[in-house]
Amino acid sequence: MSANPHTPGVVKARLSEDELEANFTDLHAPYEVHEARVAADRCYFCHDAPCITACPTSIDIPLFIRQIATDTPEAAARTIFDQNILGGMCARVCPTETLCEEACVREAAEGKPVEIGRLQRHATDTLMAQGDHPYTRAAETGKRIAVLGAGPAGLACAHRLALKGHAVDLYDANTKPGGLNEYGIATYKTVDDFAQAEVDWLLRIGGITLHQGKALGRDLDLTALADEYDAVFLGIGLAGVNALAIEGADKDNVADAVEFIAALRQADNKADMPVGRRVVVIGGGMTAVDAAVQSRLLGAEDVTIAYRRDKSAMSASLFEQELATAKGVRILYNAQPKRILGNGACDGVEFAYTESGPDGLRETGETRVVAADQVLRAIGQTLEGAPEALTITGGKIAVSETGRTDMPSVWAGGDCATGGEDLTVTAVAEGRDAAEDIHASLMG
């Protein structure tokens, strides 16, 4: 008998291939040309626009929207890429509802902002579809830079350095470049293998040599790299996952949400991805939402996100929370995991209800059990493999505003460095700004 959403346990192929294909279509459909121009006409083209200030990469949003309104989307894309070379991915995954769109004057006046993210995607997709890379490298400088990590920060840094004429060796521990964009973002947000298409497009700048399967501490030594290269940039991300320190956390079918997301991203056939009938995701961030929604789209019958604090404290945006509930996910607030139940494999999670008071979070004394044949941890990631020569502050590499570490000729940015916000767009900004500082340092 074939599996279906009611089949007990953790199994493959709960849905047909046709159902899975329908479930994993684009989360937000791209604009048609006329739709984009109509949407662009809603912009007030504000002077000192608050949306620019709200954008971590400081894109001139009114300018690129005006360029779309005047039917020059390629020019709009250049305006975006000048500040954010991963503008295509950011248009898909940025929490615009808490950044540029929340700051939009239309949002304040009408409760409906200009759809900046979809307009950004329209512009960047239009230019990228033409195949040509819009930038030309400056003359060779003779300088060589090692960039470790081919995620958003590393890619942005490498591109900006190559643009300025430097030679870049881009090292990455994985078999595919892209970092978070390739392995950490839900499949339904980035369809059609966009992460790899974007990397391929970015590398057309030239001057960047990609070395895959090379990890810091295993294959590469930071001191040796600093001696060999004129500068080193670390964009190594957060490879570790916080442990769930409760009884039963080692039972079968208890796994990391980030691994669950990555596995589906790399699966040739979504029907081969096993998922539970009843799934509990522990955590309150976007990874928790991505894992929960992904479980529902794969055919899980009952999916619950359990978060230990109240709704207002949840780091996943209100939009993400509403997306989850719209897909049939239940969100259980003020629920602290106490133990995972089951004989060998999990069959439930016991939670204690909590409340916030003047002394912080406390348990109320009431408990409940939520049935689960699969439990996914989404309780944050940690830095792993940072060299001892670097100063670590708050679990991340200590850096200046321009990304300099306290080790000569070594910079860092993205999630591994202090100041990172675990967002693609913030990582891009930090990689870009570090590249500018590296260039100034080398050429000064």
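For the structure, see preceding data.
Here is a short report on the structure shown in this document. (Residues numbered from 1 in each chain as written. Predicted model: local features only at pLDDT ≥ 70, side-chain atom pairs only at ≥ 80, totals over all residues. Heavy atoms only, no water.)

**Some details on the sheet that holds strand 15 (residues 374-377)**
As a reminder of what qualifies: A pair of strands is labelled paired if DSSP reports no fewer than 2 bridges between them. Strands are runs of DSSP state E lasting at least 2 residues, helices are runs of H or I lasting at least 4, and numbering of each runs from the N terminus. Axis lines are fitted through C-alpha atoms, for helices just across the contact stretch, and the angle between N-to-C directions can take any value from 0 to 180 degrees. Whether two residues touch is decided by their heavy atoms; if any such pair falls within 4.5 Å, the residues are in contact.
With parallel pairing, 5 strands are arranged side by side in an open sheet as 7-15-9-10-11. A single partner strand is all that each edge strand has here, and the edge strands are strand 7 (254-256) and strand 11 (329-332). Across the sheet, the mean angle separating the axes of adjacent strands is 25° when strand polarity is ignored. Relative to strand 15, strand 9 (residues 278-282) is paired through 4 bridges, and the arrangement is parallel. Looking at the pairing, Ile 282 lines up with Arg 377 of strand 15. Across the face of the sheet, helix 14 (residues 257-266) comes into contact with strand 7 and strand 15 while running at roughly 75° to strand 7.

**Some thoughts on helix 16 (residues 318-326)**
Worth spelling out the cut-off: Type-normalised accessible area, obtained with a 1.4 Å probe on protein chains alone, sets the label of each residue: buried when under 20%, exposed when over 50%, and partly exposed for intermediate values. Note that the arc is computed from the directions linking the helix axis to the C-beta atoms.
For helix 16, every residue scored as buried is listed here: Glu 320, Gln 321, Leu 323 and Ala 324. Considered in projection along helix 16, the buried side chains sweep an arc of 160° and stay on one side of the axis. The inward-facing, buried residues of helix 16 abut helix 15 (286-298), strand 10 (302-306) and strand 11.

**Some remarks on unusual backbone geometry**
For Asp 71, which is not a glycine, the phi torsion comes out positive at approximately 65°. In this fold, Asp 71 is placed in the loop between helix 4 (61-69) and helix 5 (73-83). The partly exposed category is assigned to Asp 71, whose relative accessible area is 43%. Even without glycine at this site, Asp 193 takes up a positive phi of about 55°. Looking at where Asp 193 falls in the secondary structure, it is placed in the loop between helix 11 (180-183) and helix 12 (194-202).

**Brief notes about the nonpolar core**
Within soluble globular proteins, side chains that are nonpolar tend to cluster in buried spots. Note the following rule: We call a set of buried residues a nonpolar core when its members are Ala, Val, Leu, Ile, Met, Phe, Trp, Tyr or Cys and they connect through side-chain atoms within 4.5 Å of each other.
One finds Ile 61, Phe 64, Ile 65, Leu 119, Val 147 and Ile 438 to be the most contacted residues of the largest nonpolar core, which totals 60 residues. When residues of this core are assigned to their parent elements, the largest contribution, 7 residues, is made by helix 10 (residues 152-163). Beyond its immediate sequence surroundings of up to four residues, Val 147 is in contact with Gly 154, Cys 157, Ala 158, Leu 161, Val 168, Asp 169, Leu 170, Tyr 171 and Phe 233. Counting residues in hydrophobic clusters, the runner-up holds 33 residues, among them Leu 15, Val 275, Ala 292 and Leu 323.

**A short note on the pairing of strand 11**
Where a strand is regular, its side chains alternate between the two sheet faces. The test is simple: Here is how to tell: hold the view so the strands point away, follow the path from the first strand over the helix to the second, and if it runs clockwise the crossover is right-handed.
Pairing analysis gives 4 bridges linking strand 10 to strand 11, with the strands arranged parallel. Bridge assignment links Ala 306 to a residue of strand 11, and that residue is Leu 332. Tracing the backbone out of strand 10, into helix 16 and back to the parallel element strand 11 gives a crossover that is right-handed.

Keep in mind that these numbers describe shape and distance, not what the molecule does.
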